[in-house]
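Here is how the chains run, residue by residue.
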Amino acid sequence: MRFILISLTAVFLAGCACNSHEPQPHETAACMNYRTMMTAPMPPDAMQWLQEKCEASRR
């Protein structure tokens, strides 16, 4: 029983150590605004304008 508990603990800790996420790119205010407005009912040209502002702010 003790062997199983130790094995499960080791597997759990190894899984946590291997779960490394790549760092997220810096989130600009324009991109945060674009992401919040993605679900809003907007004309397509307004949504495209927000997307372009987001891409321009990352450069």
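Preceding this section is the structure that the text describes.
Note that the coordinates shown come from a computational prediction; the quantities given were computed from them, not determined experimentally.

**Description of helix α3 (residues 44–58)**
- Taking 1.5 Å of rise per residue, the 15 residues of α3 would be expected to cover 21 Å, and the 22 Å separating its terminal C-alpha atoms lies within 8% of that figure.
- Lining the buried residues of α3 we find α2 (29–37).

**Comments concerning the nonpolar core**
- Listed in full, the five residues of the largest apolar core are C31, Y34, M47, L50 and C54.
- Going through the elements one at a time, α2 and α3 are the ones with two or more residues in this core.
- Here this core gets three residues from one element, more than from any other, and that element is α3.
- Other than its neighbours up to four places away in sequence, M47 contacts Y34, M37, M38, A40 and M42.

**Points about the side chain of T28**
- Inspection of the secondary structure assignment puts T28 in the loop between α1 (2–18) and α2.
- With relative accessibility at 13%, the residue T28 sits in the buried group.
- A distance of 2.7 Å separates polar atoms of two side chains, one belonging to T28 and the other to S57.

**Looking at the state of the cysteines**
- What the rule picks out here adds up to one disulfide.
- Across the disulfide from C31 sits C54; the S-S distance is 2.0 Å. Between C31 and C54, the S-S torsion sits near 95 degrees, and that sign places the bridge as right-handed. You can see C31 sitting in helix α2 and its partner C54 sitting in helix α3, a full 23 residues away along the chain.

**Considerations on the environment of E27**
- With respect to the helices, strands and loops of the structure, E27 is situated in the loop between α1 and α2.
- On the accessibility criterion, E27 (29% relative accessible area) is partly exposed.
- Residues E27 and R58, 31 residues apart in the sequence, show an inter-C-alpha distance of 8.2 Å.
- Excluding residues within four positions of it along the chain, E27 makes contact with M32, R35 and R58.

What counts, and where the lines are drawn
- Residues numbered from 1 in each chain as written.
- Predicted model: local features only at pLDDT ≥ 70, side-chain atom pairs only at ≥ 80, totals over all residues.
- Heavy atoms only, no water.
- Helix = DSSP H or I, 4+ residues; strand = E, 2+ residues; numbered from the N terminus.
- Expected span 1.5 Å × (residues − 1).
- Contact = heavy atoms within 4.5 Å.
- Core = buried A, V, L, I, M, F, W, Y, C linked by side-chain atoms within 4.5 Å.
- Buried < 20%, exposed > 50% of the residue type's maximum accessible area, 1.4 Å probe, protein only.
- Polar contact = N/O pair within 3.5 Å; in protein donor to acceptor, adjacent residues only side chain to side chain.
- Disulfide = S-S within 2.5 Å.

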